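Chain and residue survey
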Protein chains: 2
Amino acid sequence: MAENSDLAVAGNGLLSRRLLLGLSLGGAAASASSSLLGAEATRFVIPEWSKKPGPGPSAYGQPSPFTTGIQRDPGRANPLYPGGGASRTPLHQLRGTITPNGLHFERHHAGVPAIDPAGHQLVINGLVKKSLSFNYDDLIRYPMVSRIQFLECSGNSGALFRDNPPDGTAQSIHGLVSCAEWTGIPLSVLLEDAGVDTAAQWLSAVGADAASMGRSIPLSKALDDVIVALFQNGEPLRPEQGYPMRLFVPGWEGNVSVKWLTQLKLSREPSQFRDETSKYTDTLADRSSLQFTFPMGVKSIITSPSGHMQLREQGLYQIEGLAWSGAGRISKVEVSADGGNSWAEALIDSQAGDKSLARFRLPWRWNGSAAKLISRATDSSGAIQPTRTQLLSEKGNLAFYHFNAQQCWGVDTSGLVNNVYV
Amino acid sequence: MAENSDLAVAGNGLLSRRLLLGLSLGGAAASASSSLLGAEATRFVIPEWSKKPGPGPSAYGQPSPFTTGIQRDPGRANPLYPGGGASRTPLHQLRGTITPNGLHFERHHAGVPAIDPAGHQLVINGLVKKSLSFNYDDLIRYPMVSRIQFLECSGNSGALFRDNPPDGTAQSIHGLVSCAEWTGIPLSVLLEDAGVDTAAQWLSAVGADAASMGRSIPLSKALDDVIVALFQNGEPLRPEQGYPMRLFVPGWEGNVSVKWLTQLKLSREPSQFRDETSKYTDTLADRSSLQFTFPMGVKSIITSPSGHMQLREQGLYQIEGLAWSGAGRISKVEVSADGGNSWAEALIDSQAGDKSLARFRLPWRWNGSAAKLISRATDSSGAIQPTRTQLLSEKGNLAFYHFNAQQCWGVDTSGLVNNVYV
């Protein structure tokens, strides 16, 4: 530690992010675990795969068979809830800020419909001057916009409302958030075509899945930045993401980005769908419930280390994670290694834009003692990610949705990492 | 046309990009091809897929079976060149600027090696203070950076050097360019660990494929912005993109971003590998050849319309395409519908940053007469994409690599689109 003591920036081993800017943090890692090729070690063993040609180009690529451990976690199927459930993105195994399409989280209410776009229609009706129906070939001709933005299920991290800290990883606790380049037609353009009646205040969106998943959103949001998305990371939506089309509602809880979109109806009042009455409401301590709490709050999580990881040796590590906010950009992420007593500002890079995931990192020297690692994000509106105590004092512990409080990975003296409450 | 005549911005039907900014270009498309739901048409036919639950969440997602027409084109295998060849990205079928990992173009010299990362090593040697060997687990601990950047094969569009215009689509002519978020370790950090000898001027990179594909790059570039990439769009590299690790050399011809990277050797002179002598050199009109012509020039292509497309009716269309430059950002794209006699500036959006693909678009009204559609990009260095005549006057027609000239889609009076020379 002595040689880096001038680089300490907060308690319990946090080091200056200047170490990340082209300097050799890696030097320690390399010298700790790399072998030096001396004169006697220069005789290479040629691996088998270098000795004969492999297969040629292919029509559609797949991951390496050596990465089969990197998967979404779809949990166990519930026979009483056919097709229902969620799968979680393996955030602790990914890098950068784009989620590849095969690993974007899922949440279904009646499974994934196998939609033939030739038989699919999108209808706009209700309080409009003329009802319109679009087929896929109509919509594909429209001018589209593209944005790299996160999508988060409002139930993400919800287990942290409970009294006992859930055991888990960044994937199992926080894996209902992903980020992609979404490309689609501004909804305002389609609504312009239909002609919005001045009495209309709400827009109801309904999916073609067997649950007829429906949500109401205020017309003001629909006319602002909502799109009818047809493409994700360049290619047509995957079936589990709403192929052939979905609503994408930037910065709001994932459930309102209705998949397999088949109807948009304008009305004076919200539709009071099942999924905005029995679910996706926030129950407060007095047992009243808030409806239509759409925006996702400012949030950050540490993805490395992550629960169940085992630090093998004392020395330099990189703390890294993801931050996002439904209100705009991430302007700052701070990290604490001592349970929130002292904080240091992390380096933020790879933030593609407004409402995209941002990746942060900070070097940390683990000296073998117990540590409590926490991150805290601030967004461009000035909002600061709350502590769990602050969040619970506001929302009580009957809530489940919109958990955006700081989360703590405890590292014990054996190097084992677990989710803990501070 | 009369109602839009005040929006004309260049000859032969090009209209103001203001039409794309939230105004209803789509109105025409919808009224042309959408059915109106009258009172008698409101009885929906419920599709089969809405009647019963579908399958639940899955571990790794795949494209819809209804998008199997969207594939890379791997061409025919050549028995004399096992594993060799290329596959091309279906640019005319994608939107946005990210290329999904399954559709990123490929170029192999001896096929795709099936590398087990546990048996793979990256060695740095030659003119360094100490030779180093890294295994995958060493490298995964290093701090990484992420950038969304294009990769283009220097042979992309090379058929356009030939005397007769090749028949083809945006995919078959230009499909050796793609764009992804690349995440990896700055090469400067690894070279710092090894300690660069002051005599070193070049770095040779060699892959673990059966071709031992090798390229030399100047050390100045290696220390600037080159990374050892381990992740692509968030997940580990696909095998055909170099799993477990590749060099990524921003803005330079794709061949130097050596895949399956296993050795980096520093030296005074370039290694004169086969692929920088017999290939990847630019033969001039006097039959001398230029070596080490690394940077990819400023370039744009129209992806819609694309060759072999058939315009079905007169009316509003959107011309859209992609632009990029090895020198930086795209600052302007202009479009002509009359073979270059008049030009209008397109709208650029979705440009993630320096050396990323940029998407442009401009509305166009096709009046049924013949048209010649061309795009022309300008980059942040001020470089302007040349005409084919200008490029050939500089490079002759014996060259094959680094074709970045303007390309023209001819539209005949039947609406059929074909590659033509102006």
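Residues numbered from 1 in each chain as written. Chains lettered and ligands numbered in written order. Predicted model: local features only at pLDDT ≥ 70, side-chain atom pairs only at ≥ 80, totals over all residues.

**A closer look at the overall build of chain A**
- Counting secondary structure elements, chain A contains 6 helices and 26 strands.
- Taking 2.2 N^0.38 as the reference for a compact globule, 422 residues should give roughly 22 Å; the C-alpha atoms of chain A span a radius of gyration of 24 Å, in line with that estimate.
- Its C-alpha atoms put chain A at 80 × 65 × 40 Å along the principal axes.
- For chain A, buried positions account for 55% of its 422 residues. (Helix = DSSP H or I, 4+ residues; strand = E, 2+ residues; numbered from the N terminus. Rg over C-alpha atoms; globule rule 2.2 N^0.38 Å. Buried ≥ 20, exposed ≤ 12 C-beta atoms within 10 Å, placed from the backbone.)

**With respect to the interface of chain B and chain A**
- Listed per partner, the contact involves 105 residues of chain B and 105 residues of chain A.
- Residue composition of the side of chain B that touches chain A, by class: 49 nonpolar, 37 polar and 19 charged. (Contact = placed C-beta atoms within 7 Å. Nonpolar A, V, L, I, M, F, W, Y, C, P; charged D, E, K, R; others polar.)

**Looking at the sheet that holds strand S20 (residues 330-336) of chain A**
Residue and element names in this part refer to chain A.
- The 5 strands lie next to each other as S21-S20-S24-S25-S26, forming an open sheet whose pairing is antiparallel. Two strands close off the open sheet at either side, each with one partner strand: strand S21 (344-345) and strand S26 (417-420).
- Here 4 bridges tie strand S25 (residues 408-411) to S26, and the two strands are oriented antiparallel to one another. When the sheet's bridge partners are listed, Trp409 is paired in S26 with Asn419. (Pairing = 2+ DSSP bridges.)

**As for the pairing of strand S19 (residues 315-324) of chain B**
Residue and element names in this part refer to chain B.
- Within S19, 9 of the 10 residues are buried, which leaves the element mostly enclosed by the surrounding structure.
- Where strand S18 (residues 299-304) and S19 come together, 5 bridges link them in antiparallel fashion. Following the sheet pairing, Ser300 is matched in S19 by Ala323.
- The pairing of S19 with strand S23 (residues 358-366) spans 9 bridges and is antiparallel. Counterpart to Ala323 in the pairing with S23 is Ala358.

**Brief notes about the nonpolar core**
- Leu139(A), Val228(A), Leu139(B) and Val228(B) are the most contacted members of the largest nonpolar core, which has 195 residues in total.
- Those residues within four positions of Leu139(B) in sequence are excluded, and the remaining contacts are Leu122(B), Phe134(B), Ile185(B), Val228(B), Leu230(B) and Met245(B).
- One finds Leu160(B), Tyr280(B), Phe400(B) and Phe403(B) within the second-largest nonpolar core, a separate group that totals 9 residues. (Core = buried A, V, L, I, M, F, W, Y, C linked by C-beta atoms within 7 Å.)

**A few points about the relation of the copies chain B and chain A**
- Placing chain B over chain A gives an RMSD of 0.0 Å and needs a rotation angle of 180°, together with 0.0 Å of translation along the axis. This pairing of chains is accounted for by a two-fold axis. Ranked by how close their C-alpha atoms come to the rotation axis, the residues of chain B are headed by Ala352(B), at 3.2 Å.
- The share of interface residues of chain B whose copies in chain A are also at the interface is 100%, consistent with both copies meeting through the same surface. (Least-squares fit on C-alpha atoms with pLDDT ≥ 70 in both.)

**Focus: the sheet that holds strand S26 (residues 417-420) of chain B**
- Across the sheet, which stays open at both edges, the 5 strands sit in the order S21-S20-S24-S25-S26 (chain B) with antiparallel pairing between neighbours. At either end of the open sheet lies a strand with only one pairing partner, and these are strand S21 (344-345) and S26 of chain B.

**Some points on the environment of Phe292(A)**
Residue and element names in this part refer to chain A.
- Of note, Phe292 is situated in the loop between strand S17 (289-290) and strand S18 (299-304).
- By C-beta crowding, Phe292 is classed as partly exposed, having 17 other C-beta atoms within 10 Å.
- Along the backbone, Phe292 and Val9 are 283 residues apart, and their C-alpha atoms lie at a distance of 41 Å.

**Some thoughts on the confidence of the model for chain A**
- For chain A, per-residue confidence averages 92 on the pLDDT scale, and residues scoring 70 or more make up 92% of the total.
- Predicted as a complex, the structure gets a pTM of 0.94 and an ipTM equal to 0.93. (pLDDT = per-residue confidence, 0-100.)

**Details of the pairing of strand S12 (residues 227-232) of chain A**
Residue and element names in this part refer to chain A.
- With 6 of its 6 residues buried, S12 lies for the most part within the structure.
- Taken together, the 5 bridges between strand S9 (residues 177-186) and S12 define a ladder with antiparallel strand orientation. Each residue of the ladder has a partner; that of Thr183, found in S12, is Phe231.
- Bridge analysis of S12 against strand S14 (residues 246-248) gives 3 bridges, and the strand direction is antiparallel. Within S14, the position partnered with Ala229 by the bridge is Arg246.

**Some details on helix H4 (residues 187-194) of chain B**
Residues and elements named next belong to chain B.
- With 6 of 8 residues buried, H4 lies mostly within the body of the structure.
- Taken as a whole, H4 has its buried residues at Leu187, Val189, Leu190, Leu191, Asp193 and Ala194.
- Phi turns positive one or two residues past the end of H4, at Gly195, with a value near 80°.

**Things to note about the environment of Gly328(A)**
Residues and elements named next belong to chain A.
- Tracing the backbone shows Gly328 in the loop between strand S19 (315-324) and S20.
- On the neighbour-count criterion, Gly328 (17 C-beta atoms within 10 Å) is partly exposed.
- Considered as a pair, Gly328 and Ile115 are 213 residues apart in the sequence and their alpha carbons are 34 Å apart.
- Not counting chain neighbours up to four residues away, the residues in contact with Gly328 comprise Asp354, Lys355, Asp379, Ser380 and Ser381.

**Notes on unusual backbone geometry**
- Note the cis peptide between Tyr243(A) and Pro244(A), where omega equals 10°.
- Within the secondary structure, Pro244(A) sits in the loop between strand S13 (235-236) and S14.
- Of note, the bond from Ser304(B) into Pro305(B) is cis; its omega dihedral lies within 30 degrees of zero at 0°.
- Tracing the sequence through the fold places Pro305(B) in the loop between S18 and S19.
- Its identity is not glycine, yet His308(A) carries a phi of approximately 80°, on the positive side.
- Position of His308(A) among the secondary structure elements: in the loop between S18 and S19.
- Positive phi, close to 60°, is recorded for His402(A), a residue that is not glycine.
- Tracing the backbone shows His402(A) in the loop between helix H6 (388-395) and S25.

**Let's talk about the environment of Ile330(B)**
Residues and elements named next belong to chain B.
- Along the polypeptide, Ile330 turns up in strand S20 (residues 330-336).
- Residue Ile330 is classed as buried on the basis of its C-beta count, with 26 C-beta atoms lying within 10 Å.
- Considered as a pair, Ile330 and Ser380 are 50 residues apart in the sequence and their alpha carbons are 5.9 Å apart.
- Once residues within four sequence positions are removed from consideration, Ile330 is found in contact with Ala323, Trp324, Ser325, Ile348, Gln351, Ala358, Ala377 and Asp379.

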